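# Topology and contacts: notes
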Amino acid sequence: MPHPLLLRLVAITVLFPSSLAAGFWSLLGLGFVADALLRSQQPGTAALVLAALVAGWVGLGTAWRLYYWLMRKETDFDRRRAAWGLASGTLVAIELMATSGGSLMFRLAFFGWPLLAVAFFGAVLWRMRRQGASTS
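Read on for a plain summary of the structure. Residue numbers restart at each chain and count upward from 1, following the sequence in its written direction. Local features are withheld for residues below a pLDDT of 70 in this predicted model, meaning they are given only at 70 or higher, and side-chain atom pairs are given and counted only at 80 or more; totals for whole chains, interfaces and linings count all residues. Only hydrogens and water are removed before side-chain values are computed, so all heavy atoms of the structure are retained for them.

## With respect to a nonpolar patch on the surface
Using the following cut-off: Each patch is assembled from residues with relative accessible area greater than 30% and no salt bridge, linking like charges that lie within 9 Å and nonpolar side chains (Val, Leu, Ile, Met, Phe, Trp, Tyr) that lie within 5 Å. The accessible surface values rely on the Shrake-Rupley method and a 1.4 Å probe; as for residues, cover is taken only from the protein chains in view. Note on definitions: salt bridges are taken to be side-chain nitrogens of Lys or Arg within 4 Å of carboxyl oxygens of Asp or Glu. Helix and strand assignments come from DSSP, with helices taken as H or I runs of at least 4 residues and strands as E runs of at least 2, each series counted from the N terminus. The cut-offs for exposure are 20% and 50% of the maximum accessible area for each residue type, with area from a 1.4 Å probe on protein chains only; residues under the lower value are buried, those over the upper are exposed, and the others partly exposed.
Residues Phe24, Trp25, Leu28, Phe106 and Phe110 make up a contiguous nonpolar surface patch of roughly 520 Å² in combined accessible area. Residue assignment for the nonpolar patch shows that the elements contributing at least two residues are helix 1 (4–39) and helix 4 (104–112). Ranked by residues supplied to the nonpolar patch, first place goes to helix 1 with three residues. Mapped onto the elements, Trp25 comes out in helix 1. Given a relative accessible area of 47%, Trp25 falls into the partly exposed group.

Below, the structure is given as structure tokens:
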């Protein structure tokens, strides 16, 4: 189990800013989807944006749930489901880095920032899996 101070550090430096940015950009994304569907223009792009919004929020929600579970020292959560949620967020972050505009450094810093939380929680899940295998 990670130390609570380390968990709080990840929440304050990675999860909270990522949630704020995701909330702002999700509103813009939903506005694009609604406008595209109302005007019957670019329905494929609208569907892709909507899928990315949902998958991104699944990943971010999974990271927050893992944070709260680990803060309460609960280990009875479904690790496979948590891994799928983190993978969902990872795919969206990578897709945004690949398809968005701007310099590579900006894209890595802005869209890659949530990947720090994914790497942290992924390592925690991996370590818990290894500890569970060695005790049984």
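Moving on from the model shown.
## Topic: the pattern of salt bridges
All chains considered together, the criterion is met by two salt bridges. A salt bridge links Asp35 to Arg39, with the shortest nitrogen-to-oxygen separation between them at 2.7 Å. In this pair, Asp35 and Arg39 both sit in helix 1, four residues apart, roughly one turn of the helix. For Asp35, a relative accessible area of 37% puts it in the partly exposed group. In this structure Arg39 comes out as exposed when scored by relative accessible area, which is 54%. Salt-bridge contacts for Arg72 lead to Glu74; the nearest nitrogen and oxygen are separated by 2.9 Å. Since its relative accessible area comes to 28%, Glu74 is described here as partly exposed.

## Re the packing of aromatic side chains
Put simply, the rule is: Centres within 6.5 Å make a pair out of two Phe, Tyr or Trp rings, where for Trp the six-membered ring is used; the pair is then stacked when the planes are under 30 degrees apart, edge-to-face when over 60, and tilted otherwise.
Applying the stated rule across the entire model yields eight aromatic pairs. An angle of 25° between the planes, with centres 6.0 Å apart, marks the rings of Trp64 and Tyr68 as stacked. Placement of the pair is Trp64 and Tyr68 together in helix 2 (residues 43–71), with a separation of four residues, close to one helical turn. Three or more aromatic residues link up through ring pairs in this structure, and these residues are Trp64, Tyr67 and Tyr68.

## Concerning the packing of helix 2 against helix 3 (residues 79–99)
Threshold: Angles here are taken between N-to-C directions and fall from 0 to 180 degrees, while the axes themselves are lines fitted to C-alpha atoms, restricted in helices to the stretch in contact. An angle counts as roughly parallel when it lies under 35 degrees, as roughly antiparallel when it exceeds 145, as roughly perpendicular when it falls between 65 and 115, and as oblique in every other case. Note on convention: the crossing is left-handed when the near helix lies turned anticlockwise from the far helix by less than a right angle, right-handed when the turn is clockwise. We call two residues in contact when some of their heavy atoms are within 4.5 Å. Throughout, the ten residues Ala, Val, Leu, Ile, Met, Phe, Trp, Tyr, Cys and Pro are labelled nonpolar, Asp, Glu, Lys and Arg are labelled charged, and all others, Gly among them, are labelled polar.
Taken N-terminus to C-terminus, the directions of helix 2 and helix 3 make an angle of 130°; their axes are 7 Å apart at the nearest point. When the axes of helix 2 and helix 3 are compared, the pair comes out oblique. Judged by the twist between their axes, the crossing of helix 2 over helix 3 is left-handed. Listed contacts from helix 3 to Ala52, Ala55, Gly56, Val58, Gly59, Thr62, Ala63 and Leu66 of helix 2 are Ala82, Gly85, Leu86, Ser88, Gly89, Val92 and Glu95. Along the lines of polarity and charge, the residues of the contact of helix 2 with helix 3 split into eight nonpolar, six polar and one charged.

## Let's talk about helix 2
Counted only if it meets this: To estimate the expected span of a helix, subtract one from its residue number and multiply by 1.5 Å.
Taking 1.5 Å of rise per residue, the 29 residues of helix 2 would be expected to cover 42 Å, and the 42 Å separating its terminal C-alpha atoms lies within 8% of that figure. Restricting attention to buried positions, one finds in helix 2 the residues Ala46, Leu53, Gly59, Leu60, Thr62, Ala63, Leu66, Tyr67 and Leu70. With its phi angle positive at about 60°, Lys73 sits one or two positions after the end of helix 2.

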